[in-house]
Amino acid sequence: MNRQHNSKITALYERLSRDDELQGESNSIINQKSMLEDYAVKNGFPNVRHFSDDGISGTRFDRPAFVEMMSEIEAGTVAVCVVKDMSRLGRDYLRVGLFMETLREKGIRLIAVNDGYDSDNGEDDFTPFRNIIAEWYARDTSRKIKSVLQAKGNNGEHLTNSAIYGYIKDPNDKNHWLVDEEAAAVVKRIFSMTIEGKGAYKIARILTDEKIIRPSVYNAIRDGRSYSTDDQYMWGGATVQSILDKQEYMGHTVNFRSQKNSFKDKKIHRIPKEDWLIFENTQEPIIDEQTWHTAQKCRTVKRRAKNREPNPLTGLLYCGDCGSRLYNHRGTHWEKYASQDSYACCKYSKYPPKCTRHHIQAAIAHQLILDAIRNVSEYVRNNQDEFIKIVCEENELRHEQNTKTRRKQLAQNQKRFDELNAIIKKLFEESVSGKITEKRFEILSQDYEREQEELELSITELQAGLEQNQADGEKANHFIRLVKKYTDFSELTPEMLNEFIERVIVFEAERFPGKYKRQRVDIHLNFIGKFAIPSQAEIPDEEHEPYDPVKSCRERQRKYYWNNRETILAKLAEERAEVKAKKQAALPTKSPEEIQAAQQAKREKKREYQREYQKKWREQNPDKLIEIQKKHCEKKRAAKSA
């Protein structure tokens, strides 16, 4: 080797993946280093330098040591590259071929010891086949691993390498998870803060300020893996959102959330939720189902409050006409007015308005909701059996007509489905006997099969609806358990608000003279909907005249006027005098000469404007000017002749 080559390095590249570990110790990094060093010494290669990737698949080409070696190759500091075999470079024959071509262009010698390949000996026709076989091995391994994971996932076993944050693996059964009390307490707190109205990024800031170890570092410490201590307390909003998304905290196993399109593709693709495979009650739950669903409902609400706490009512108030959510208006542009906190329909502020205002003060809505929760909870505690009876009767009445319609439609769809089976069978027999052409058979069979698929989907939906109606009887018990959870109803907390209230329907107010208005507000509670306490139901009183708000308002105004007539008249006279004095004070105090000069200047200005206007008009309308002059001359002639 010449002096130039003696100054360059000899790159010894080693790689080991998890699949290679299964083949024994012969592929270990230590054995590869020892083998390549012996080869370099025996063949007189100087300046030996190792580039090692441990535990990284050959289908990836963003391996750290490989990238570093490529940087040295691009810089021109490498003379020889030595590997154990061609599969160490990678298991993608196209990428490996491109790498070999790069070395050839730069004049770098490539040696694969076990394959007997040396680029200085000329082209080896069998080398491309070795690279293809290496890729086949990776594809076959990927296929085997995928089939194993598919079988495990279909059997309800967890597919993650380690338990998620909040759980640990059972020492006696690696497929079973146990609750990790320390991490589970953090998970419960995250769900609790979400129900209180806090967003994911605000929760992350709270956990970071309290120096709670983030999940990835916590799991690394638990499993005995290495981790970075630089940001072990730095929580991110995405981490909190990931915890809130997981149904595993309800005690379920969720498999096949994501997939890769190919063993070469390192990008993970999300699978639609309807295609997930969920196995319920496979481990002890950390969060009950009601809390999990309440947290998901709270996450759908966007609460924007600059430099202040968001209003907990946001996302619960809905318009009684268009069904849109009410928007929270807070603050004002004028200091002399008190700060407002109210709600109005979000479609009212658009131009042109798509709906009416539906305005309601937040304090009034807050008090109405608190009174409704307090009254219903007190009634439930004192009349539990009667409450269950009322809810069941209301559910029966609500779903009776709906159930009849669904059952009737279900019977019709099932009958039509059976008829289509008979039609398709008869159509096939006629096609075989030659009574109809093959083309006609394909067209008719496709139409019938499409109709049959639609009927099958409709039948499934109708059956699900009937099952839901039957499950409504359990809602009263759920609400009773919710009432027993709370003992103090003196203050409406955000958590209580989100757990009790399903939605609040606000209707447009009816306005009457004298700043009087009446507004309907329907409060729907979770599980039971809109519930009216029997003792508070309105009973019409036929003996008395019905209440007329307009007449009542006028009577109050008339009574107030006659009781305070002198005070009202004196105040009006005083206000008129003040207005008159202000007008007189605003009049100019000028001498008669100044007033006359000002009037003369005003007249001159008016004449000047008229002259300018006439001049412009003559320039712009010369034809009309000629016509006017002709008419004027004709009038003069007519006058002289007369």
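The model shown is predicted, which means the values in this text are computed figures rather than measured ones. (Residues numbered from 1 in each chain as written. Predicted model: local features only at pLDDT ≥ 70, side-chain atom pairs only at ≥ 80, totals over all residues. Heavy atoms only, no water.)

Another point: the overall build of the protein. Helices and strands together make up the secondary structure of the protein, namely 20 helices and 19 strands. In the form shown here, the protein has an accessible surface area of approximately 42,600 Å², with 50% of it arising from carbon and sulfur atoms. (Helix = DSSP H or I, 4+ residues; strand = E, 2+ residues; numbered from the N terminus. Areas by Shrake-Rupley, 256 points an atom, 1.4 Å probe, with all protein chains shown as cover.)

Here we take up the packing of aromatic side chains. For the structure shown, the criterion picks out 11 aromatic pairs. Each ring, one from Tyr 165 and one from Tyr 218, has its centre 5.5 Å from the other, and the planes form 85 degrees; the classification is edge-to-face. Remark: Tyr 218 occurs in helix 9 (residues 215-223) and Tyr 165 occurs in the loop between helix 6 (127-154) and strand 6 (167-170); sequence separation between them is 53 residues. Three or more aromatic residues joined by ring pairs make a cluster, and in this case those are Tyr 13, Phe 61, Phe 66 and Phe 99. Its guanidinium or amino end placed over the ring of Trp 276, Arg 257 lies 5.2 Å from that ring's centre, counting from NZ or CZ. Its guanidinium or amino end placed over the ring of Tyr 318, Arg 503 lies 4.1 Å from that ring's centre, counting from NZ or CZ. (Phe/Tyr/Trp six-rings, centres within 6.5 Å; stacked < 30°, edge-to-face > 60°. Lys NZ or Arg CZ within 6 Å of the ring centre and 35° of its normal.)

Right, let's get into unusual backbone geometry. The backbone of Asn 47 shows a phi angle near 50 degrees, a positive value even though the residue is not glycine. Counting through the fold element by element, Asn 47 comes out in the loop between helix 3 (29-42) and strand 2 (48-54).

A word on the sheet that holds strand 16 (residues 501-506). Within the open sheet, the 3 strands sit side by side as 12-16-19. Their pairing is mixed. Taken across any chain shown, the strands that pair with only one partner, and hence form the sheet edges, are strand 12 (317-319) and strand 19 (521-525). Across the sheet, the mean angle from the axis of one strand to that of its neighbour is 25 degrees, orientation sign disregarded. Sheet topology note: the strand 12/strand 16 ladder contains 3 bridges and is parallel. By the bridge assignment, Tyr 318 is partnered in strand 16 with Ile 505. Along the sheet face, helix 12 (residues 362-382) touches strand 12, strand 16 and strand 19 and points at about 50 degrees away from the line of strand 19. (Pairing = 2+ DSSP bridges. Axes fitted to C-alpha atoms, helices over the stretch in contact; angles between N-to-C directions. Contact = heavy atoms within 4.5 Å.)

With that settled, consider a negative patch on the surface. A cluster of acidic side chains, namely Glu 449, Glu 453, Glu 454 and Glu 456, defines a negative patch on the protein surface. Looking at where Glu 449 falls in the secondary structure, it is placed in helix 14 (residues 438-471). Take Glu 449: its relative accessible area is 42%, and that puts it in the partly exposed class. (Patch = residues over 30% accessible without salt bridge, like charges linked within 9 Å, V, L, I, M, F, W, Y side chains within 5 Å. Salt bridge = Lys/Arg side-chain N within 4 Å of Asp/Glu carboxyl O. Lys, Arg positive; Asp, Glu negative; His and termini not counted. Charge placed at Lys NZ, Arg CZ, Asp CG, Glu CD. Buried < 20%, exposed > 50% of the residue type's maximum accessible area, 1.4 Å probe, protein only.)

This part is about the sheet that holds strand 14 (residues 341-345). With respect to topology, 3 strands assemble into an open sheet ordered 13-14-15, the strand pairing being antiparallel. Across the chains shown, the open sheet's two edge strands, defined by having one partner strand only, are strand 13 (326-330) and strand 15 (360-361).

With that out of the way, let us pick up the pattern of salt bridges. Counted by the stated rule, this structure contains 22 salt bridges. As a salt-bridge pair, Glu 499 and Lys 485 come within 2.8 Å of each other at their nearest N and O atoms. Of this pair, Glu 499 sits in helix 16 (residues 494-500) while Lys 485 sits in helix 15 (residues 475-485), and the two are 14 residues apart along the sequence. Here Glu 499 falls in the buried class, since its relative accessible area comes to 3%.

With that settled, the discussion passes to helix 4 (residues 64-75). Between its terminal C-alpha atoms helix 4 stretches 17 Å, which fits the 16 Å expected from 12 residues at 1.5 Å a residue. Listed in full, the buried residues belonging to helix 4 are Ala 65, Phe 66, Met 69, Glu 72 and Ile 73. One side of helix 4 carries all its buried residues, which in axial view fall inside an arc of 120 degrees. Facing away from the buried side of helix 4, by more than 90 degrees, are the exposed residues Pro 64, Glu 74 and Ala 75. Against the buried residues of helix 4 lie strand 1 (9-16), strand 2, strand 3 (78-83) and helix 5 (93-106). Gly 76 sits one or two positions beyond helix 4 and adopts a positive phi of about 80 degrees. (Expected span 1.5 Å × (residues − 1). Arc of directions from axis to C-beta.)

A few words on the side chain of Arg 15. Here Arg 15 is to be found in strand 1. Classification of Arg 15 by relative accessible area gives buried; the value is 0%. Within the local environment of Arg 15, its side chain forms a polar contact with the backbone oxygen of Ile 56, the two atoms lying 3.3 Å apart. (Polar contact = N/O pair within 3.5 Å; in protein donor to acceptor, adjacent residues only side chain to side chain.)

Moving on to a nonpolar patch on the surface. On the surface, a nonpolar cluster with roughly 390 Å² of combined accessible area is contributed by Tyr 561, Trp 562, Leu 569 and Leu 572. Residue placement: Leu 569 occurs in helix 18 (residues 565-585).

Another point: the packing of helix 19 (residues 592-620) against helix 20 (residues 622-641). Look at helix 19 against helix 20: their axes get within 5 Å of each other, and the N-to-C directions meet at 100 degrees. Relative to helix 20, the element helix 19 is oriented roughly perpendicular. Only Pro 622, Lys 624, Leu 625 and Ile 628 of helix 20 make contact with helix 19, whose side of the interface consists of Trp 617, Arg 618, Glu 619 and Gln 620. Residue composition of the contact of helix 19 with helix 20, grouped by class: 4 nonpolar, 1 polar and 3 charged. (Parallel < 35°, antiparallel > 145°, perpendicular 65-115°, else oblique. Nonpolar A, V, L, I, M, F, W, Y, C, P; charged D, E, K, R; others polar.)

This part covers the packing of helix 10 (residues 237-245) against helix 11 (residues 289-299). Interhelical geometry of helix 10 versus helix 11 gives an angle of 135 degrees and a closest axis separation of 10 Å. Accordingly, the angle class assigned to the pair helix 10 and helix 11 is oblique. Contacts between helix 10 and helix 11 pair Gln 241, Leu 244 and Asp 245 from the former with Trp 292, Gln 296 and Arg 299 from the latter. Among the residues making up the contact of helix 10 with helix 11, the classes are represented as 2 nonpolar, 2 polar and 2 charged.

Below, the discussion takes up the nonpolar core. Counting residues in each nonpolar core, the largest one holds 40 residues, and the members touching the most others are Ile 369, Phe 387, Phe 479, Phe 500, Ile 501 and Phe 531. When contributions to this core are tallied by element, the ones reaching two or more residues are strand 12, strand 14, helix 12, helix 13 (384-433), helix 15, helix 16, strand 16 and strand 19. Counting residues per element, this core draws most heavily on helix 12, which supplies 9 residues. Apart from the residues lying within four places of it in its own chain, the contact partners of Ile 501 are Lys 297, Leu 316, Ile 369, Ile 373, Ile 523, His 524, Leu 525 and Asn 526. Counting 30 residues, the second largest nonpolar core, distinct from the first, contains Met 193, Ile 195, Trp 235 and Val 240. (Core = buried A, V, L, I, M, F, W, Y, C linked by side-chain atoms within 4.5 Å.)

By themselves these figures say nothing about function.
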